[in-house]
Amino acid sequence: MYFKEMTISNLELFIYGFQVGFLTGKNSTELDDFYFDENSGFKKWFLEKKNLSEPNFSTWDYPFLQETSGDEKKALDLYFDYLEEYYHSRNEMENK
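Residues numbered from 1 in each chain as written. Predicted model: local features only at pLDDT ≥ 70, side-chain atom pairs only at ≥ 80, totals over all residues. Heavy atoms only, no water.

Draft legend 1. View of the nonpolar core. Judged by nonpolar contacts, the single largest core of 16 residues is most densely connected at I8, L11, F42, F64, Y79 and Y82. Taken together, the elements giving at least two residues each to this core come down to helix 1 (8–24), helix 3 (42–49), helix 4 (62–67) and helix 5 (72–94). When residues of this core are assigned to their parent elements, the largest contribution, 7 residues, is made by helix 5. What Y82 contacts, discounting residues up to four positions off in sequence, is F42, W45, F46, K49, K50, F64 and E67. (Core = buried A, V, L, I, M, F, W, Y, C linked by side-chain atoms within 4.5 Å. Buried < 20%, exposed > 50% of the residue type's maximum accessible area, 1.4 Å probe, protein only. Helix = DSSP H or I, 4+ residues; strand = E, 2+ residues; numbered from the N terminus. Contact = heavy atoms within 4.5 Å.)

Draft legend 2. Looking closely at the pattern of salt bridges. What the rule picks out here adds up to 4 salt bridges. Here K44 and E48 are joined by a salt bridge, their closest N and O atoms 2.2 Å apart. On the criterion of helical spacing, the pair formed by K44 and E48 is a turn pair, its members being 4 residues apart in helix 3. (Salt bridge = Lys/Arg side-chain N within 4 Å of Asp/Glu carboxyl O.)

Draft legend 3. Seen up close, helix 5. Taking 1.5 Å of rise per residue, 23 residues should cover 33 Å, and helix 5 covers 33 Å from first to last C-alpha, within 8% of that figure. Buried within helix 5 are the following residues: A75, L76, L78, Y79, Y82, L83, Y86 and R90. Measuring from the backbone nitrogen of K73 back to the side-chain oxygen at the start of helix 5 gives 3.1 Å, which picks out D71 as the cap. (Expected span 1.5 Å × (residues − 1). Polar contact = N/O pair within 3.5 Å; in protein donor to acceptor, adjacent residues only side chain to side chain.)

Draft legend 4. Molecular detail of the packing of aromatic side chains. Counted by the stated rule, this structure contains 11 aromatic pairs. Relative to Y79, the ring of F64 lies with its centre 5.6 Å away and its plane at 75°, an arrangement referred to as edge-to-face. Here F64 is found in helix 4, whereas its partner Y79 is found in helix 5, with 15 residues between them in sequence. (Phe/Tyr/Trp six-rings, centres within 6.5 Å; stacked < 30°, edge-to-face > 60°.)

Draft legend 5. Inspection of unusual backbone geometry at higher detail. Residue N51 is not a glycine yet carries a positive backbone phi of 55°. The topology assignment puts N51 in the loop between helix 3 and helix 4. The exposure class of N51 is exposed, given its relative accessible area of 71%. Unusually for a residue other than glycine, S69 sits at a positive phi of about 55°. Within the secondary structure, S69 sits in the loop between helix 4 and helix 5.

Here is the structure:
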């Protein structure tokens, strides 16, 4: 993955594009379950972790920017921190 600038906004655009491509050519449910599934994926986990109901904001990067006082680079780092935490928590649940 390449970004001209390492910002959460660029990641958001990348993920939207990836999701459109993924859903258009959907041939695997593994990634869908892990990341995009609204009932058990990263989005649901993150919203529950942050005690947020279904977002009342227009872009998913808003909570990360809010937590970092609008710092795009820190928000990007924070996103990957949460994604790693989600990955480890999901692996722990699957190994029980």
